[in-house]
Amino acid sequence: FFQAEDGIRDRSPSRGLGDVYKRQGLFFSSKTSKKLQISTPKHIPIIFQSFRIIVELLILKAFLNGLAPIEGTFQGYNYEFYFGFSVLIIGILTWKNILNKKVIKAWNVLGLFMLAFIVGIFLTSGLLYKEFWDQDEKMIQDAFLHMPYLSIATFYMPIAVCMHIFSIKQHK
């Protein structure tokens with residue numbers, strides 16, 4: 001527990017990103033979520049994800065500074081940068097009611113797979129670099145685990161997952 005100067009203890013310590021995703025699951029099964037899904041225009045959760053372009057530029061900056069491997073950039077195996085631009089196209093086509101639900105769902109599922117693929121790249125670059133990448137040293141530097149890069153895994157990734165799930169639920 002952490003103790004504040006006034007003696008008040010924090011009774012709900014975080015247990016990591018697993019809690020974030022568990023809470024998202026609880027939220028998406030709530031009445032509040034259903035009301036929000038109905039009242040939110042269907043293109044908003046899609047266009048909102050345009051922030052992913054900026055995240056990919058941040059990953060590129062990490063690579064250029066020697067903190068992350070090229071495999072994690074759009075110059076390597078991470079095609080998220082291009083997916084970020086598709087956000088604008090899919091969002092506008094959804095707003096104009098041009099795309100059917102199946103296409104939007106498929107796009108969202110593809111986005112979730114791409115996020116999982118990126119997580120795989122970074123996990124194997126830092127933990128299984130010998131087995132997956134035939135490297136003698138880890139490919140991610142410790143500085144990548146600090147801000148602003150830490151925000152990718154702790155803030156932007158959960159938001160992207162949340163927006164995909166939200167959009168899938170909207171298009172049932």
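**Topic: the overall build of the protein chain**
- Across its full length, the protein chain holds 8 helices and 0 strands.
- Counting from the amino terminus, helix and strand elements in the protein chain follow one another as α-α-α-α-α-α-α-α.
- For the protein chain, the proportion of its 172 residues judged to be buried stands at 38%.
- Partitioning the contacts of the protein chain with sequence separation of at least 6, the portion at a separation of at least 24 is 69%.

**Comments concerning the pattern of salt bridges**
- Counted by the stated rule, this structure contains 3 salt bridges.
- The partner of glutamate 80 in a salt bridge is arginine 52, with the nearest N and O atoms 2.1 Å apart. You can see glutamate 80 sitting in helix α5 (residues 80-95) and its partner arginine 52 sitting in helix α4 (residues 51-64), a full 28 residues away along the chain.
- Across the pair lysine 138 and aspartate 142 runs a salt bridge whose closest N-O atoms are separated by 2.6 Å.

**Let's talk about the environment of isoleucine 140**
- On the secondary structure map, isoleucine 140 appears in the loop between α7 (129-133) and α8 (150-170).
- Residues isoleucine 140 and phenylalanine 122 lie 18 residues apart in sequence; the distance between their C-alpha atoms is 7.7 Å.
- Apart from residues lying up to four places away in sequence, isoleucine 140 is in contact with Leu67, Pro69, Phe122, Ser125 and Gly126.

**A word on a positive patch on the surface**
- On the surface, Lys31, Lys34, Lys35 and Lys172 cluster together into a patch of positive charge.
- With respect to the helices and strands, lysine 35 occurs in helix α2 (residues 31-39).

**Side note on helix α6 (residues 101-126)**
- The terminal C-alpha atoms of α6 lie 38 Å apart, and with 26 residues this matches the ideal 38 Å at 1.5 Å per residue to within 8%.
- Among all positions of α6, only Ile104, Trp107, Asn108, Gly111, Met114, Leu115, Ile118, Ile121, Phe122, Thr124 and Ser125 are buried.
- Next to the buried residues of α6 lie α3 (44-47), α4, α5, α7 and α8.
- Its side-chain oxygen placed 3.0 Å from the backbone nitrogen of lysine 102, asparagine 100 serves as the N-cap of α6.

**Considering the side chain of threonine 40**
- Along the chain, the position of threonine 40 falls in the loop between α2 and α3.
- Ignoring anything within four residues of it in the chain, the contact list for threonine 40 reads Pro45, Phe166 and Gln170.

What counts, and at which threshold
- Residues numbered from 1 in each chain as written.
- Predicted model: local features only at pLDDT ≥ 70, side-chain atom pairs only at ≥ 80, totals over all residues.
- Heavy atoms only, no water.
- Helix = DSSP H or I, 4+ residues; strand = E, 2+ residues; numbered from the N terminus.
- Buried < 20%, exposed > 50% of the residue type's maximum accessible area, 1.4 Å probe, protein only.
- Contact = heavy atoms within 4.5 Å.
- Salt bridge = Lys/Arg side-chain N within 4 Å of Asp/Glu carboxyl O.
- Patch = residues over 30% accessible without salt bridge, like charges linked within 9 Å, V, L, I, M, F, W, Y side chains within 5 Å.
- Areas by Shrake-Rupley, 256 points an atom, 1.4 Å probe, with all protein chains shown as cover.
- Lys, Arg positive; Asp, Glu negative; His and termini not counted.
- Charge placed at Lys NZ, Arg CZ, Asp CG, Glu CD.
- Expected span 1.5 Å × (residues − 1).
- Polar contact = N/O pair within 3.5 Å; in protein donor to acceptor, adjacent residues only side chain to side chain.

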